[in-house]
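Architecture and fold: a report
Spelled out from the first residue to the last, the chains are:
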Amino acid sequence: MDVNVSTLAGQGAGTVTLSDEIFGLEPREDILARVVRWQLAKRQQGTHQAKGRADIARTGAKMYKQKGTGRARHSSARAPQFRGGGKAHGPVARSHEHDLPKKVRALGLKHALSAKARADSIIVVDELALSEAKTKTLVANFASLGLSNALVIGGAELDQNFAKAVNNIPNIDVLPIQGINVYDILRRGTLVLSKAAIEALEERFK
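All of the points below concern the structure found in this document.

Rules used in this analysis
- Residues numbered from 1 in each chain as written.
- Predicted model: local features only at pLDDT ≥ 70, side-chain atom pairs only at ≥ 80, totals over all residues.
- Heavy atoms only, no water.
- Helix = DSSP H or I, 4+ residues; strand = E, 2+ residues; numbered from the N terminus.
- Buried < 20%, exposed > 50% of the residue type's maximum accessible area, 1.4 Å probe, protein only.
- Salt bridge = Lys/Arg side-chain N within 4 Å of Asp/Glu carboxyl O.
- Phe/Tyr/Trp six-rings, centres within 6.5 Å; stacked < 30°, edge-to-face > 60°.

Counting through the fold element by element, Arg94 comes out in the loop between helix H2 (29-43) and helix H3 (102-118). The spacing of Arg94 and Gln49 is 45 residues in sequence and 8.9 Å in space, taken between C-alpha atoms.

On to unusual backbone geometry. Of note in this structure, His89 is not a glycine but carries a positive phi near 55 degrees. By the secondary structure assignment, His89 is in the loop between H2 and H3. His89 gets classed as exposed once you look at its relative accessible area, which sits at 84%. A positive phi is found at Asp120, a non-glycine position, where the angle reads about 55 degrees. Position of Asp120 relative to the elements: it lies in the loop between H3 and strand E3 (122-125). The exposure class of Asp120 is exposed, given its relative accessible area of 72%.

Taken as a whole and judged by the stated rule, the model has 6 salt bridges. Of the charged contacts, one joins Arg187 and Asp184 as a salt bridge, the two residues approaching to 3.9 Å between their closest N and O atoms. Of this pair, Arg187 and Asp184 both sit in helix H6 (residues 182-187), 3 residues apart, which is roughly one turn of the helix. Of the charged contacts in the structure, one is a salt bridge between Glu203 and Lys206, with a shortest N-O distance of 3.2 Å. Residue Glu203 shares its accessibility class with Lys206, and that shared class is exposed. Salt bridges linked by common partners bring Asp173, Asp184, Arg187 and Arg188 together as one network.

This part takes up the packing of aromatic side chains. For the coordinates displayed, the defined rule picks out 1 aromatic pair. Ring geometry for Phe142 and Phe162: centres 6.5 Å apart, planes at 80 degrees, overall edge-to-face. Of this pair, Phe142 sits in helix H4 (residues 135-145) while Phe162 sits in helix H5 (residues 160-166), and the two are 20 residues apart along the sequence.

Put into structure tokens, the structure is as follows:
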């Protein structure tokens, strides 16, 4: 699959061939859903915690005598049915993470890239670099490329001027190639790849 390459200013800079093994698959929603669910579960904090009856600072003495009152038999006032008592079956701090095979994760990334390619939502830029960290300049460059909602993937290291300039632009995310992931690809409208990112992806999936 041949794709045109442009500069940040929107000028033509040749073409590049995308591998069909990475960008030419038939996207499967079930695989994408599994990977996104795995990602979101892994990053969930899981610090929600309610106090059970064992955590309540309250007397453990019996409320009243067992027999002769005509009332129900109760012991501790920490029980969930009483005001100020512990929460019954409340949330506890835990990890929401679950396992997903590496092969499924890798396949999910390929399918996400293929989905963007099939939707003609991939733009290839020769280099993600600026001579100075000017957000105004970068906004004009993105306007020339037609970008308003995009994920930008650079090489192993991002140009510092580019990273600073893009920091204040809404709906634009920038990641080095090591951080590319299914969730961020799918949540943005357009995927912008540098030539270095494409080379790294092809090397990764050899």
